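As a plain string of letters, each chain reads:
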Amino acid sequence: MIAIPYLTALTTYFSYGLLFVFGQVRDFFRKIIDWWSASNLQGYAPICLGLEDFYIRRLYLRIQDCFNRPIASAPDAWFDVVERYSNDYNKTLKLTKKTSRCLNLGSYNYLGFAASDEYCTPRAIETLKKYSPSTCSSRVDGGTTNLHNELEECVANFVGKPAAIVFGMGYVTNSAILPVLMGKGGLIVSDSLNHNSIVNGARGSGARVCVFQHNTPAHLEEVLREKIAEGQPRTRRPWKKIIVIVEGIYSMEGELCKLPEIIAICKKYKAYTYLDEAHSIGAVGKTGRGVCELLGVDTADVDIMMGTFTKSFGSCGGYIAGSKELIQYLKYTCPAHLYATSISPPAAQQIICAIKVLLGEDGSNRGAQKLARIRENSNFFRSELQKMGFEVLGDNDSPVMPIMLYNPAKIPAFSRECLKQNVAVVTVAFPATPLLLARARICISASHTREDLIKALEVFGRVGDLVGIKYFPAQPKKAEAEEERLLKVD
Amino acid sequence: MSSSVMDIVNATVDWVTATLDAPSSRAVIFGFPIGGHLFVEVLLFLVIVYLFSQNSYRPPRRPLTEQERDELCEEWVPDPLIPSITDEMLYEPPVLESAAGPHTIINGKEVVNFASANYLGLIGHEKLLESCNSALEKYGVGSCGPRGFYGTIDVHLDCEARIANFLGTPDSILYSYGLSTMFSAIPAFAKKGDIIVVDEGVHWGIQNGLHLSRSTIKYFKHNDMEDLRKILEELTSNKKSERVKKLRRYIVVEAVYQNSGQIAPLDKIVELKEKYKFRVLLDESNSFGVLGKSGRGLTEYCGIPVEKIDIITAAMGHALATEGGFCTGSARVTDHQRLSSSGYVFSASLPPYLASAAITAIDILEENPGLITKLKKNIAILWKGLSGIQGLSFASSPESPIVFLRLEKADSVKSELQLKLLQDIANRLLKEHSIFVVASKKSTLDKCRLPLGIRLFVSAGHTESDLLKAAASLKDVAELVLKDHI
């Protein structure tokens, strides 16, 4: 858990309070002005009600230049960020023709497949010529090509499950599968920090949803015991089935799931397990097979394995891997399989090629190198950040590392200062995180070189002092020197 | 001093006792003289105090003991994760061995493809491939991030501007998947308590969006304007109407219904919308690039200015022969989605090469209005060819690019048998006549109750002989398969 310093919490609350009051005052004057000018609603209710977009209008717009930054190149280790300017205090942003070359610490390009790749890209282009960019049809109608079947086989083989089904979008994978698996009388036990697609899928399923404390197996056990003993609310019937949903790496926390403990508990209580490996597949594990491999869990113990191709594989779409029967059933009734356009053939080819590279089937050891590099890079960067006194969340080996910022004013300050020095970072605030726990999130890639990372650390060091986010004392110089000596030896 | 106080106290106590006891000093209870009633009062008082000190009656609380919980957990037997697999679940779709163009290869045999919504025949178009090719080389395949976090690539912005420019709207917003467009856009604008009036034939993406919005949902009969009017009247006329006025109210319709091929009468809907002050959400997935003189969709087809429709969504996996979807409307509508629409905020952005394909597809469409006339002509040829078909009847509108044939006697045939018959027709057509059509399938989650049927997506890429051959073969096969059901 994140222990926020008392003083910081106070100042953060104060800042938000101030922003809220100012926003309200501005809304008040806005209302008076609007009252004078004729209403254009003509009897309709406003499309955004009162406070619904207050946050956007009065808080987000002030710092919107830190988000949605357009880029003009592939999201590789270095990319071109398009410069923008505003003439109306950030209300609207205008693009310029100018770009600045920045170090990319924001994209989910864990294995460096985002840019064109010597093995994947020519094959993707070949596929484009053969199959065109789209099939214009759903999988169950006329959208299944040889390539789609090959992809499913390849994915099933890679994640270590008997069968797999693929979809054209990761978000849809979660939100269309859960309603198929669960329904009335079922119980979904979900980690409190699960991704929005899982939340929406669970909501769409009609099953009861309850939440356990983030990554706390003990609390999961408590919840399961209580819920099984209680049965369904009101009718007290026993639950039809229970499914526990966890993520491999939590994208906003950088934490690895405590999978072995959770699997053991699920087994004990006969709950099904659903593992979302959106960020972990390809990125962790000795051969890139995700958290199961990293934490030594047998994939046979996980009932449903879900993942996306957007991150490590540099493509798009998502998959579900499981038993043959499960996949057969999903192919029979999953709406995303029946109604949605099948995954674009070049994207499918990219995934197949990326997996081949990882497995060394392309005839080189690039895959192994990439995997080794991302691990080294991540662990190096994390330990250096910690040494500098930043509050870094997450576990070792995880390529995602959030740096806590807390105060709302520090969000744009950190982001803008870093960008000035050509380092592009992602800052995350409410609603993606709790109000108090704003953070910057670093995603490390295998395509970063040691020099890139050292440059980033230098910039962070300077900006961190300027913005005041080194919440811990820095490690004594002596140890640092020692460390440096060791690095040189490396 | 103290003794005098004591004296006074004693005297008072004596006096009080005497006064209280005086009336009953000679009382005798059960034969005993009790020397006053104070004794009884004290007793009663004690009883009252005792009763007050007791807790009020509650059923005894006995929480489950750990052992009992263990037993319950031990005894609980979950249902299997999925029902057991039956034969009907084993359907395997035909596998394409080439691009899904108007002609494609299945099992090594060239077939005429009516299963892809490739309305303009853009699959395999040289310009489209060229633009994808250069985008792939420049940007790679994926965007590796959601729009907010460096997943916004300049082609996305160009594509949004191109779509808005083409349709004449202020702005548009790109989604990375067609299916997610509607089910993200609806919950962004409708919340608990809001009212949505919706056609009962809408596809699953919309149904899911409605469910996620938690709004009050009223269905009207498929494409029945009288029923829509009745429902709108009902909603706005009664006593609650004052309250209703403060709620957001929407009508959700599809331009061309995927589940029936019917075209929505937009002029009528706009009339009703303006009368009853509802906003309209229009899904143009199957009409964008198809209907209207220049392919601008149902608004152009019905001669309605596009500003009158509040929110338009469309999937790009049909006429544009790419993937993803977009939503367009006023700047307020698009801007609001950029932070409030879950499928936009929480999902990786559209692969840049698909965005660039969409731009090129619109360019091609604008440069070649002939494609739309060709498509119209093709639809007319197929209709003419299919006229007089036995056992099946047209469910779709004559100008719709989806030609939807449903069983004529659908009511007398069980629904499982219906799908079997339709699938049989499709299988025979593919095997014996090299015509690839599909029987529409329905997910168990789909709440749409419109009848199933044979669905043909007409393309501008089909030749006249393709269409005539398909029509003739379909007639033959339908007659053969449905001879017992005519």
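Residues numbered from 1 in each chain as written. Chains lettered and ligands numbered in written order. Predicted model: local features only at pLDDT ≥ 70, side-chain atom pairs only at ≥ 80, totals over all residues. Heavy atoms only, no water.

This brings us to the overall build of chain A. Tallying secondary structure elements over chain A gives 16 helices and 13 strands in all. With the C-alpha coordinates of chain A rotated into their principal frame, the extents come out at 70 × 60 × 50 Å. Taking all 490 residues of chain A together, the buried fraction comes to 62%. If you take every contact in chain A between residues at least 6 apart in sequence, the share linking residues at least 24 apart comes to 71%. Carbon and sulfur atoms make up 56% of the accessible area of chain A, which totals about 19,100 Å². (Helix = DSSP H or I, 4+ residues; strand = E, 2+ residues; numbered from the N terminus. Buried < 20%, exposed > 50% of the residue type's maximum accessible area, 1.4 Å probe, protein only. Contact = heavy atoms within 4.5 Å. Areas by Shrake-Rupley, 256 points an atom, 1.4 Å probe, with all protein chains shown as cover.)

The subject of this paragraph is unusual backbone geometry. One non-glycine residue, Asn68(A), lies in the positive phi region at around 55°. Tracing the backbone shows Asn68(A) in the loop between α2 (54-60) and β1 (78-85). If you check the backbone angles, Cys144(B) has positive phi at about 55° while not being a glycine. As for its position among the elements, Cys144(B) is in the loop between α4 (126-139) and α5 (147-151).

Our next topic: the sheet that holds strand β3 (residues 103-106) of chain B. Residues and elements named next belong to chain B. Read across the open sheet, the three strands follow the order β3-β4-β14; overall the sheet is mixed. Strand pairing shows two members of the sheet lacking a second neighbour, β3 and β14 (435-436), which therefore form its edges. Pairing analysis gives four bridges linking β3 to strand β4 (residues 109-113), with the strands arranged antiparallel. Among the inter-strand pairings, Thr104 is bridged to a residue of β4, identified as Val111. (Pairing = 2+ DSSP bridges.)

The next point concerns the UniProt feature "transmembrane region" (unreviewed entry) in chain A. The feature "transmembrane region" (unreviewed entry), as annotated in UniProt, sits at residues 6-23 of chain A in this numbering. Across residues 6-23 of chain A one finds 100% helix and 0% strand; the C-alpha atoms that close the span lie 26 Å apart. (UniProt positions renumbered as here; feature names shortened; annotations may be inferred.)

With numbering matched to this structure, UniProt assigns "domain: Aminotransferase class I/classII large" (unreviewed entry) to residues 102-459 of chain A. Annotated as residues 102-459 of chain A, this span is 42% helix and 16% strand, and its ends, taken at the C-alpha atoms, are 12 Å apart.

Another point: the domain arrangement of chain B. Split into domains, chain B comes out as domain 1 (1-77), domain 2 (98-113 + 369-485) and domain 3 (126-367). Centre-to-centre, using C-alpha coordinates, domain 1 of chain B lies 76 Å away from domain 3 of chain B. (Domains from an automatic or database assignment.)

Contact with chain A, which involves 112 residues of that partner, is made by 110 residues of chain B. Across the chain A/chain B interface, buried area totals approximately 9,500 Å², and carbon plus sulfur atoms make up 62% of it. When the area that chain A buries against chain B is broken down by residue, the three leading residues are Tyr44(A), Ile47(A) and Tyr339(A), summing to 9%. At the boundary of chain A with chain B, the tally comes to three salt bridges. A salt bridge links Glu66(B) to Arg225(A); the nearest nitrogen and oxygen atoms lie 2.9 Å apart. When the residues that make up the side of chain A that touches chain B are grouped by side-chain class, the tally is 61 nonpolar, 34 polar and 17 charged. (Buried area = accessible area lost by both parts, 1.4 Å probe. Salt bridge = Lys/Arg side-chain N within 4 Å of Asp/Glu carboxyl O. Nonpolar A, V, L, I, M, F, W, Y, C, P; charged D, E, K, R; others polar.)

Taken domain by domain, chain A holds domain 1 (8-46), domain 2 (76-105 + 369-490) and domain 3 (120-359). Each of domain 1 of chain A and domain 3 of chain A has a C-alpha centre, and these two points are 41 Å apart.

This next bit is on the pattern of salt bridges. Residues and elements named next belong to chain B. Here the structure, examined in full by the defined rule, presents 32 salt bridges over all chains. Between Glu367 and Lys127 there is a salt bridge; the shortest N-O distance is 2.8 Å. Note that Glu367 is positioned in helix α15 (residues 352-367) and Lys127 in helix α4, a separation of 240 residues in sequence. Residue Glu367 is classed as partly exposed on the basis of its relative accessible area of 49%. Taking the shortest distance from any N to any O, the salt bridge between Asp310 and Arg279 comes out at 3.9 Å. Residue Asp310 is found in the loop between α12 (298-302) and β10 (311-315), and its partner Arg279 is found in strand β9 (residues 279-283); the two are separated by 31 residues along the sequence. Of the two residues examined, Asp310 and Arg279, each falls in the buried class. The network of salt bridges with common partners includes Arg147, Glu160, Asp171 and Arg338.

Soluble, globular proteins show a tendency: their nonpolar side chains are buried together. Leu105(A), Val189(A), Val244(A), Phe381(A) and Phe460(A) are the most contacted members of the largest nonpolar core, which totals 265 residues. Among the elements that make up this core, the one with the highest residue count is α15(B) (10 residues). Excluding its chain neighbours within four sequence positions, the residues that come into contact with Phe460(A) are Leu105(A), Phe381(A), Leu385(A), Met388(A), Phe390(A), Ile403(A), Phe414(A), Cys418(A), Val423(A), Val425(A) and Ile442(A). (Core = buried A, V, L, I, M, F, W, Y, C linked by side-chain atoms within 4.5 Å.)

Turning next to the environment of Arg62(B). When you line up the elements, Arg62(B) lands in the loop between α2 (38-53) and α3 (66-75). With 20 residues separating them in the primary sequence, Arg62(B) and Ile82(B) have C-alpha atoms 37 Å apart.

Residues and elements named next belong to chain B. Negative charge collects at one region of the surface, where Glu68, Glu71, Glu74 and Glu75 lie side by side. Mapped onto the elements of the fold, Glu68 is located in helix α3. The exposure class of Glu68 is partly exposed, given its relative accessible area of 37%. (Patch = residues over 30% accessible without salt bridge, like charges linked within 9 Å, V, L, I, M, F, W, Y side chains within 5 Å. Lys, Arg positive; Asp, Glu negative; His and termini not counted. Charge placed at Lys NZ, Arg CZ, Asp CG, Glu CD.)

A word on the packing of α4(B) against α15(B). Residues and elements named next belong to chain B. For the pair α4 and α15, the least separation of the axes is 8 Å and the interaxial angle reads 155°. Judged by the inter-axis angle, α4 sits roughly antiparallel to α15. Crossing handedness for the pair α4 and α15: right-handed. Within the contact between the two elements, α4 uses Lys127, Leu128, Ser131, Cys132, Ala135, Leu136 and Tyr139 and α15 uses Pro352, Tyr353, Ser356, Ala357, Thr360, Ala361, Ile364 and Glu367. Residue composition of the contact of α4 with α15, by class: 10 nonpolar, three polar and two charged. (Axes fitted to C-alpha atoms, helices over the stretch in contact; angles between N-to-C directions. Parallel < 35°, antiparallel > 145°, perpendicular 65-115°, else oblique. Left-handed = near helix turned anticlockwise from the far one by under 90°.)

As for its placement among the helices and strands, Thr433(A) is situated in the loop between β12 (426-428) and β13 (438-443). In this view, Thr433(A) contacts Met252(A), Val428(A), Ala438(A) and Arg439(A); residues no more than four positions away in its chain are not counted.

Attention now goes to the state of the cysteines. A disulfide bridge is the covalent bond that connects two cysteines by way of their sulfur atoms. Within this structure, the stated rule accounts for zero disulfides over all chains. Free of any disulfide, Cys102(A) has its nearest neighbouring cysteine sulfur in Cys418(A), separated by 10 Å. In this structure Cys132(B) is not part of a disulfide, and its nearest cysteine sulfur, from Cys159(B), lies 11 Å away. Residue Cys132(B) is classed as buried on the basis of its relative accessible area, which comes to 0%. (Disulfide = S-S within 2.5 Å.)

All names here are of chain B. Structurally, the position occupied by Ser393 is in strand β12 (residues 392-394). By relative accessible area, Ser393 is classed as buried at 18%. As a C-alpha pair, Ser393 and Lys409 span 16 residues in sequence and 9.2 Å in three-dimensional space. In this view, Ser393 contacts Phe404, Leu405, Arg406 and Glu408; residues no more than four positions away in its chain are not counted.

Residues and elements named next belong to chain A. As a packed pair, helix α7 (residues 217-230) and helix α8 (residues 259-268) sit with axes 9 Å apart at the nearest point and diverge in direction by 15°. By the angle class used here, α7 and α8 are roughly parallel. Once α7 is placed against α8, the crossing between them reads as right-handed. From α7, Pro217, Leu220, Glu221 and Leu224 reach across to α8, where they touch Glu261, Ile262, Ile265 and Lys268.

Attention now moves to the pairing of strand β6 (residues 242-247) of chain A. Residues and elements named next belong to chain A. In terms of residue burial, β6 counts as a mostly covered element, since six of its six residues are buried. Residue alternation in β6 divides its side chains into two sets, Ile242, Val244 and Val246 and Ile243, Ile245 and Glu247, and both sets are buried. Inspection of the sheet shows strand β4 (residues 187-191) paired to β6 by four bridges, in the parallel sense. Each residue of the ladder has a partner; that of Val189, found in β6, is Val244. As paired strands, β6 and strand β7 (residues 272-276) are joined by five bridges and run parallel to one another. Note that in β7 the partner of Ile243 across the bridge is Tyr272. Taken together, β6, α8 and β7 constitute a β-α-β crossover, and its handedness is right-handed. (Right-handed = clockwise from strand over helix to strand, strands pointing away.)

Let us look at helix α6 (residues 154-167) of chain B. Residues and elements named next belong to chain B. Taking 1.5 Å per residue, 14 residues should reach 20 Å; α6 reaches 20 Å between its end C-alpha atoms and fits that length. Counting buried residues along α6, 10 of its 14 residues qualify, which places the element largely inside the surrounding structure. Listed as buried for α6 are Asp154, Val155, His156, Cys159, Glu160, Arg162, Ile163, Ala164, Phe166 and Leu167. (Expected span 1.5 Å × (residues − 1).)

This brings us to a nonpolar patch on the surface. Taken together, Phe20(A), Val21(A), Val25(A), Phe28(A), Phe29(A), Ile32(A), Ile33(A), Trp35(A) and Trp36(A) make up a surface patch of nonpolar side chains, about 1,000 Å² in accessible area. Along the chain, Ile33(A) turns up in helix α1 (residues 6-36).

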